[in-house]
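Here is how the chains run, residue by residue.
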Amino acid sequence: GYIGSHTTRLLAERGEKIIVLDNLGLGHREAVVSPGVEFVHGDLGDAAVVEAMFSANRIEAVLHFAAFAQVGESMAEPLKYYANNVAAPIVLLDAMRRHAPRRFIFSSTAATYGNPVRVPMDETHPQEPINPYGLSKLMLERILADCGTAWGLDHVILRYFNASGCSEDALIGEDHTPESHLIPRALMAAAGTAPPLTVFGNDYPTPDGTCVRDYIHVLDLAEAHAMALAYLRSGGASVACNLGTGTGVSVQEIISLAESVSGKPVPRTCGPRRAGDPPSLVAD
């Protein structure tokens, strides 16, 4: 996947021995670009596959990126999200319990906070998700805490705000089908390689009426995972951390920036608000 591939590449370049497990439902085999990285085609909810991986290797830590992550889809298909984002990782955690690796780094999300009661949002902000995607992530956060209490699972929960960008050599980057993320969609619309961009709501209580988000570069996200791994190796206690920049940017501002850097207009239409979208999500 998008963030997992960048993190895998960074860690491999720093000498880590890595095994990637991916069912390729949304990820891409060619995104594993570093030599020496072992690839296993399978699902983390398949107990036999996961058991074989742990039996054949001395796994020290697990970094978990394998989640469905579309807010709108989660509203329409909640069971799909609970099955993949909650039930499947339980299979993984059960194997960890039996095989004794005690370090887990989890891709969580700012969507666990729900509608902001204050902006910017720190890690003590109330967690009241307003969509099944955010709730599925919060469920796994709570499961990790319970596993920590029950059998000593040390974990770092990383609550991403909005991931963006690609590797500096553009060898890997955003590669979703269909592409749903705002920045690539705006650039594709400007280039004429995608239909006009739909802006979901222009009547939010924000300065220009469009949603405000905190965009963090994917290479910074990858670096945060490397830091989290080093932190757990040094004996750090379980912790939850926001990953953001502290700067909010609206949908309209992203469109204006895309037009500025491309020198072309971004064709767009305005649609209704999407269910489950908070007006503003900005990290402290």
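Draft legend 1. Broad picture of the packing of aromatic side chains. Taken as a whole and judged by the stated rule, the model has one aromatic pair. Between phenylalanine 68 and tyrosine 81, the aromatic rings sit 5.7 Å apart at their centres with planes inclined by 55 degrees, giving tilted as the arrangement. Residue phenylalanine 68 is found in the loop between β3 (61-64) and α3 (71-76), and its partner tyrosine 81 is found in helix α4 (residues 78-99); the two are separated by 13 residues along the sequence. The residues phenylalanine 68 and tyrosine 81 share a single accessibility class, namely buried. Just above the ring of phenylalanine 68 sits the side chain of lysine 80; from NZ or CZ to the centre is 4.7 Å. The ring centre of tyrosine 204 lies 4.1 Å from the NZ or CZ of arginine 273, which sits over that ring.

Draft legend 2. Molecular detail of unusual backbone geometry. Each neighbour pair has its own omega, and for valine 119 with proline 120 the value is 5 degrees, a cis peptide bond. In this fold, proline 120 is placed in the loop between β4 (103-109) and α5 (132-151). A positive phi angle, close to 60 degrees, is found at leucine 24, a residue other than glycine. Within the fold, leucine 24 resides in the loop between β1 (19-22) and β2 (38-41).

Draft legend 3. Looking closely at the pattern of salt bridges. Applying the stated criterion across every chain, the model contains 16 salt bridges. A salt bridge links glutamate 73 to lysine 80, with the shortest nitrogen-to-oxygen separation between them at 2.8 Å. Glutamate 73 gets classed as partly exposed once you look at its relative accessible area, which sits at 27%. Its relative accessible area of 30% is what places lysine 80 among the partly exposed residues. Across the pair arginine 213 and aspartate 277 runs a salt bridge, and its minimum N-O distance is 3.9 Å. Remark: aspartate 277 occurs in the loop between β12 (268-271) and β13 (280-281) and arginine 213 occurs in strand β8 (residues 212-213); sequence separation between them is 64 residues. Taken as a pair, arginine 213 and aspartate 277 share a single burial class, namely buried. Residues joined by salt bridges that share partners form a network here, namely Glu16, Glu60, Arg103 and Arg233.

Quick notes on the rules
Residues numbered from 1 in each chain as written. Predicted model: local features only at pLDDT ≥ 70, side-chain atom pairs only at ≥ 80, totals over all residues. Heavy atoms only, no water. Phe/Tyr/Trp six-rings, centres within 6.5 Å; stacked < 30°, edge-to-face > 60°. Helix = DSSP H or I, 4+ residues; strand = E, 2+ residues; numbered from the N terminus. Buried < 20%, exposed > 50% of the residue type's maximum accessible area, 1.4 Å probe, protein only. Lys NZ or Arg CZ within 6 Å of the ring centre and 35° of its normal. Salt bridge = Lys/Arg side-chain N within 4 Å of Asp/Glu carboxyl O.

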